[in-house]
Each structure stands twice: as C-alpha cells, then as structure tokens.
Amino acid sequence: MYILAFTNSPLDPRSGSGKTVLNYTGGLRSLGHTVEVSEPKDYEWWRSLRRASKVRLAGGAWSLIHAKLKAQPVDLMEFYGDEFGPSIWQLSQRPRRPFLVAHTNGLEMLATARERSYTPAPLAPLGRLYHDLVEKSHDWFSTLAFASADAFVALCELDRKHVLNLGYYPEEWTAVVEPGLDPEYLAVPWRGEREERIVFTGSWIARKGVDTLIPVMTGLLSERPQLQFSIYGAGTPPAVVLSAFPAELHPRIQVFPRLPEKDLADGLARAQVFFFPTQYEGFGIALAEAMACGCAAVTTRTGFGAELRDGEEALLCDFEDAPAMTSALTRLLDDYTLRQRIAQGGWQRTRSLTWEANIRKLEALYRQWVVTPQRRCGVEPR
C-alpha cells in the first residue's frame, strides 16, 4: 500500500503522540508499505503566530494534501487530529479517492468536553463571546473530521464508543489499536519490595490533573514523614513545580523535566504507587509504562484507565475527587497485600502492549479496509 499520514503533533519521540505516530508509520514501512508522514512544520501556515493554530494547520494541510495527491496515486490516507476535518470532508466528496482513516491519538471532542468542566469560560462579555466562537469552530472541525472519514481507529475503547454513539460509523468500520511500550519498560522484572514513594509522570498542566494532585500530595506528604514523591517529565523548571508545595516538603519532592527511557523505567521500578489524576487521555502511555514497571496505580476513568478493572488492575477514582484519591493512595501505601495484587494485575495487563503485535493488527485492518468496497456511496477501491 501507498499510505499518506498527516499528524497535528510534532514527530517527537519524547512525547506520547509523537512516539505513537513514529512507531505506527515506521512499523508499516518495515512491513513493506510506502508510508509518507507530514507533521506541522511541513505544512503549517505562519508558524510564528500563536493564535488560530487550528485554522493555520487546516489551511496548510489542505494545500499540501492536494499537492501530494497530484504527484502520486495513494491507497490510504490517515489523519491524526481534527484539524484535517475540512480536507477529509472535501476528499470524501470525490468519486475515486484514497481510503480515509481518522486515526486519533485522542478524540478532541471528548478532550474539549472535559476541558469545559475544569476551565470555566470567561465572565467578561467580549471574552465570553470570543470563547464561545472558538469552541463552536473547534466542534465544527471535529464533526467534519470524524463524520466524513471512511473508518476510525482509536487508542482506547472510550473514544471508539463515543463516535459509535454519535452514529458516525457502522461498528465494523471502527477499531481500537493500542500503542506499544518501549522495551525498557517491558523488560523490568517483577520486584515486590519497593521504596515508600509515589510517582507522577506527565506535563505540569491542568489536563493532567495537577490542580487535584497538589492538595492530595501536600496532605499525604505532611502526614507521612517518610514518604517521597517523584515527578517525571514535567516539562517545566523544577522551581516552578516546587512552588506549588509548602517549602518544608521540598526536600522529599524530586522533579525531573525529562529523563531517558532507561532512567525513567528505573525510577518507576523503585516506587510503590503511581498517581495519575488526569482529566483526559487518548490512551495515557505514562500510566501503562508505570504499570509495566510494577507500580500499583491510582487513576481516573479515561483512556487506558477506563478499561482497567477497578480493584484488580488499578484503583479508579472520579475526576477531581480528591478525598477518594487520598483514600486510594493511603490504602495502597498501608496495605501490602492490596498493593501487591493491584501491581501484579497491572503488570500482567501490560504484557500485551508490544509495538510489533499492534502494528501487525493495524496493517491487517488497513489491508482489509482498502480492498473492501467502501461504505461511501459511489467510491470504489483504486
């Protein structure tokens, strides 16, 4: 197959989205397919501007997509992101065209719905008007992207069920293909005895639940003089993160803006508990990495977390429910048997998350879809 892929995130292997796109496209290439992938720096208009990024990405992608289709016949196009909605809709109207796949790293319409709950709209009339216009335009992009494609691939079942509930696709034109984990995590041996330490991995932003994490961890660290707290991949200077906590707790909080995979896996393998109070995840690879390293996890029902068995593979809490999260963390720290059961269940759940197996699953789907008469009226396989 000749495949064109477009992604709205940079192809940075240090980010979850970048790593996923790189591994899927590279994996398909290694199986003999021709795969060309474009990232924002290849097509974004006026990159120095900060506003209207969705419009600038959409316009630049439109131009590049049509130039590439003129140069080379294409079997399948996959789009990571709703910025490509106008292009997907326009392509879907053609009688003979590539097969169109909305391959999401995270469903923007679900992420936006969650964001509305923890980021209230401005109160000033003009600010509120601008905010509402932006939200409506984002909803329009998402509807075009996910209602116009021929098929949908998600990283988690929650996202797939959402588009099915909206009636965008028949079930057979949707699939979940989970990402894989790097060998540094899958190679960590089971270790029962660990330090009294809680770990969080993720950017220091509201979407990762830091507004709930701060009071929960402040309370636990204040009550437990031996407890340590490590923050990996904050992407923010340590001083900024530490400023959110009382000064007397700083000696027991370690902040690492970025770490090599091996060092991160080693750090996770020493900790008892992983705390991930995220507001939304397309998958949540940080959670899976921690579970693969033997941490007992406390998380929310989003992405990979929504598919875990509560009380067996993780302890699940509602969004922003600080008392429940504090209780769950306390139970795991105090109850060795419970902590071992949760950690073992999570460790077993991640054994299937290999890139090789999931790339082959994606390839099999694409082969099947491309040769099957497409569901859009009047479109035939090339």
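Residues numbered from 1 in each chain as written. Predicted model: local features only at pLDDT ≥ 70, side-chain atom pairs only at ≥ 80, totals over all residues. Heavy atoms only, no water.

Novice: How should the packing of aromatic side chains be read in this particular structure?
Specialist: Two descriptors summarise a pair of aromatic rings, namely the distance from one centre to the other and the angle between the planes of the rings. If you walk through the whole model with that rule in mind, you get 19 aromatic pairs. Both rings, one in W204 and one in F245, keep their centres 6.3 Å apart while their planes meet at 50°; by these two values the pair is tilted. One end of the pair, W204, is in the loop between β7 (195-201) and α9 (210-223); the other, F245, is in the loop between α10 (238-242) and β9 (253-256), with 41 residues separating them in the sequence. The class for F245 is buried, based on a relative accessible area of 4%. The structure contains a cluster of three or more aromatic residues connected by ring pairs, namely F200, W204, F229, F245, F274 and F276. The ring of F319 is capped by R114, whose NZ or CZ atom sits 3.9 Å from the centre of that ring. In this structure, R351 is placed above the aromatic ring of W347, and the distance from its NZ or CZ to the ring centre is 4.1 Å. (Phe/Tyr/Trp six-rings, centres within 6.5 Å; stacked < 30°, edge-to-face > 60°. Helix = DSSP H or I, 4+ residues; strand = E, 2+ residues; numbered from the N terminus. Buried < 20%, exposed > 50% of the residue type's maximum accessible area, 1.4 Å probe, protein only. Lys NZ or Arg CZ within 6 Å of the ring centre and 35° of its normal.)

Novice: Explanation requested: the packing of helix α3 (residues 53-71) against helix α4 (residues 85-92) in the structure shown.
Specialist: Any two packed helices are characterised by the angle at which their axes cross and by the distance between the axes. Look at α3 against α4: their axes get within 8 Å of each other, and the N-to-C directions meet at 40°. It follows that α3 is oblique to α4 by the angle criterion. Along the contact surface, α3 presents A58, A61, W62, I65, H66 and L69, while α4 presents P86, S87, Q90 and L91. When its residues are assigned to classes, the contact of α3 with α4 shows seven nonpolar, three polar and no charged. (Axes fitted to C-alpha atoms, helices over the stretch in contact; angles between N-to-C directions. Parallel < 35°, antiparallel > 145°, perpendicular 65-115°, else oblique. Contact = heavy atoms within 4.5 Å. Nonpolar A, V, L, I, M, F, W, Y, C, P; charged D, E, K, R; others polar.)

Novice: Just to check I follow, could you spell out the environment of A234 for this structure?
Specialist: Structurally, A234 can be placed in the loop between β8 (228-232) and α10. On the basis of relative accessible area, A234 is assigned to the buried category, the value being 2%. Measuring from C-alpha to C-alpha, the distance between A234 and E36 comes to 31 Å, with 198 residues separating the pair along the chain. Apart from residues lying up to four places away in sequence, A234 is in contact with G202, S203, W204, V241, V255, F256 and P257.

Novice: Mind showing me how you'd approach the pairing of strand β4 (residues 99-103) here?
Specialist: Along any regular strand the residues' side chains alternate between the sheet's two faces. With five of its five residues buried, β4 lies for the most part within the structure. Burial along β4 is two-sided: the face carrying F99, V101 and H103 and the face carrying L100 and A102 are both buried. As judged from the four bridges shared by strand β3 (residues 76-80) and β4, these two strands associate in the parallel manner. Paired with F79 across the strands is A102, a residue of β4. Note that the unit made of β3, α4 and β4 has a crossover that is right-handed. As defined by bridge partners, β4 adjoins strand β5 (residues 151-154) across three bridges and the pair is classed as parallel. Opposite A102, over in β5, you have F152 as the bridge partner. (Pairing = 2+ DSSP bridges. Right-handed = clockwise from strand over helix to strand, strands pointing away.)

Novice: Just to check I follow, could you spell out the sheet that holds strand β11 (residues 296-300) for this structure?
Specialist: Hydrogen bonds between backbone groups are what pair the strands of a sheet, and the pairing can be parallel or antiparallel. If you trace the six strands from one edge of the open sheet to the other, you get β9-β8-β7-β10-β11-β12, paired in parallel fashion. Of all strands in the sheet, those with a lone pairing partner are β9 and β12 (315-317), marking the two edges. Across the sheet, the mean angle from the axis of one strand to that of its neighbour is 20°, orientation sign disregarded. Alignment of β11 against β12, held across three bridges, turns out to be parallel. Directly across from T300, in β12, lies its bridge partner C317. Helix α12 (residues 285-292) rests against β7, β10 (271-276) and β11 of the sheet, and its axis sits at about 165° to β10.

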